[in-house]
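# Inside the fold
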Amino acid sequence: MNKFGRILLTTGALGAAAVTYSAAIERRHWTLRQATLPVLADDAAPLRVLHISDLHMTPNQRSKQRWVAALADLDPDLVVNTGDNLAHPQAVPGALRAMGPLLDRPGVFVFGSNDYYGPTAKNPARYLLPSAKAKRLHGEPLPWRDLRAAMTERGWLDATHRRHEIEVAGMRIHLAGLDDPHLHLDRYDLIAGPTPADAQLRLGVTHSPEPRVLDSFAEDGYDLVLAGHTHGGQLRLPGYGALVTNCELDRSRARGASTWGEHMHLHVSAGLGTSPYAPVRFACPPEATLLTLLPRSEKLASTSGKSARGTRSGAGQGVR
């Protein structure tokens, strides 16, 4: 075999190994991330928020269901779900098995495109297209109304185009959310307006972290916005990061905590699933995040704006 042939053989073998790892190992490497954010009023006690997103559940994903259910052992004060829970018409029972123990805790949610429509087979090359140039393809309608009914019946708040004043762990929270900006369903005018001065936390919730939406939240005085959608890029290169974000957000913010504008913080979850038609992750394991929110006056141990660190400790460790 000549040198060129050996190079081709080696390249092919490395590519095959990467695909095997991405599809068979990393996409089931459930990871708990943790981040500490100084976003509360100075008179507030710390608040623990569990951020879950992008489950993309199919009926038989028992490993994922067990791991997510075990997150209740973290004892969060509040659970925030930023959408894309479903990936199959019969996935609602599986999604509820996963979230079941968490539904006993205070929670809020908004939906994403893959709550409304099922995934479709797509040309993999479309993944590398800018979001504005990639034509959206919708699959069959999904039973999002059934999922919404089950979550609200257990006490979670639907934040879609609503402003809520709630109290969690003795803290006064103002929250508002949007329908999916990725589908241009967002109507910020329905929730627009300054946030209450006496709120100890002003929380915005959206599925896709489109800059136009983040600008509006920042202008109205929100302290923190939680979002998903990006999958953290899903495929990341060491030293480079996410290849794309599948929205207008810049690649540097595709996963983890950052700041937006002068005062607002943003946390984007890399999510827990993938489309059944693209079941791979590379350098971007599926994740949930436990956020510890502190008063703005607290001195952080790490610099604000860095990505949350990954950890394999905590709830769900070892669950496959």
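What you see is a predicted model; the values in this text were computed from it and never measured.

Counting 31 residues, the largest nonpolar core has Leu71 and Leu102 as the members making the most contacts within it. Those elements giving two or more residues to this core turn out to be β2 (47–52), α2 (62–70), α3 (92–99), α5 (144–153) and β14 (287–295). When residues in this core are grouped by element, the largest group, four residues, is from α3. In this structure, Leu78, Val110, Val168 and Leu226 belong to the second largest nonpolar core, which totals 25 residues.

Of all residues in the protein, 81% attain a pLDDT of 70 or more, and the chain-wide mean is 87. Segment residues 4–17: pLDDT under 50, and two contacts once partners within four positions in sequence are set aside and those in other chains are kept. Overall, residues 300–320 carries pLDDT values under 50, and its contacts beyond four positions in sequence, including any with other chains, amount to 49 contacts.

Should their charged atoms come close, side chains of opposite charge can pair. Summed over the entire model, instances satisfying the criterion amount to 10 salt bridges. Its salt-bridge partner being Asp158, residue Arg148 comes within 2.7 Å of it at the nearest N-O pair. Of this pair, Arg148 sits in helix α5 while Asp158 sits in strand β5 (residues 157–158), and the two are 10 residues apart along the sequence. Close ionic contact of Asp223 with Arg296 constitutes a salt bridge, the shortest N to O distance being 3.1 Å. Of this pair, Asp223 sits in the loop between α6 (211–219) and β9 (224–227) while Arg296 sits in the loop between β14 and β15 (309–311), placing them 73 residues apart in sequence.

Our next topic: the packing of aromatic side chains. For the coordinates displayed, the defined rule picks out six aromatic pairs. Consider the rings of Phe111 and Trp144, whose centres lie 6.1 Å apart with planes at 75°: the pair is edge-to-face. Separated by 33 residues along the polypeptide, Phe111 in the loop between β4 (107–109) and α4 (113–116) and Trp144 in helix α5 bring together distant segments of the chain. For Phe111, a relative accessible area of 2% translates into the label buried. In textbook terms, an aromatic cluster arises when at least three aromatic residues are bridged by ring pairs, as seen for Phe109, Phe111, Tyr116 and Trp144. One Lys or Arg, Arg251, reaches over the ring of Tyr240 and ends 4.0 Å from the middle of that ring.

Looking down a regular strand, the side chains alternate between one sheet face and the other. Of the two faces of strand β6 (residues 163–168), only one is covered, namely that formed by His164, Ile166 and Val168; the face formed by Arg163, Glu165 and Glu167 stays uncovered. Pairing between β6 and strand β7 (residues 171–177): six bridges, direction antiparallel. Bridge pairing in β7 places Glu167 opposite Arg172. Hairpin geometry of β6 and β7 is characterised by an intervening segment of two residues between the two adjacent antiparallel strands and by a positive phi of about 50° at Ala169.

To characterise two packed helices, one gives the angle between the axes of the helices and the distance between these axes. Between α2 and α3, whose axes approach to 6 Å, the crossing angle comes to 35°. In contact with Arg62, Gln65, Val68 and Ala69 of α2, α3 contributes Gly94, Arg97 and Ala98. The residue makeup of the contact of α2 with α3, split by class, is three nonpolar, two polar and two charged.

Owing to its 3.6 residues per turn, the α-helix brings residues three or four apart onto one side. Among the residues making up α3, those that are buried are Val92, Gly94, Ala95, Ala98 and Met99. Buried residues of α3, seen end-on, are gathered within an arc of 160° and therefore sit on one face of the element. Of the surrounding secondary structure, the elements contacted by the buried residues of α3 are β2, α2, β3 (78–81) and α5.

Analysis parameters
- Residues numbered from 1 in each chain as written.
- Predicted model: local features only at pLDDT ≥ 70, side-chain atom pairs only at ≥ 80, totals over all residues.
- Heavy atoms only, no water.
- Core = buried A, V, L, I, M, F, W, Y, C linked by side-chain atoms within 4.5 Å.
- Buried < 20%, exposed > 50% of the residue type's maximum accessible area, 1.4 Å probe, protein only.
- Helix = DSSP H or I, 4+ residues; strand = E, 2+ residues; numbered from the N terminus.
- pLDDT = per-residue confidence, 0-100.
- Contact = heavy atoms within 4.5 Å.
- Salt bridge = Lys/Arg side-chain N within 4 Å of Asp/Glu carboxyl O.
- Phe/Tyr/Trp six-rings, centres within 6.5 Å; stacked < 30°, edge-to-face > 60°.
- Lys NZ or Arg CZ within 6 Å of the ring centre and 35° of its normal.
- Pairing = 2+ DSSP bridges.
- Axes fitted to C-alpha atoms, helices over the stretch in contact; angles between N-to-C directions.
- Nonpolar A, V, L, I, M, F, W, Y, C, P; charged D, E, K, R; others polar.
- Arc of directions from axis to C-beta.

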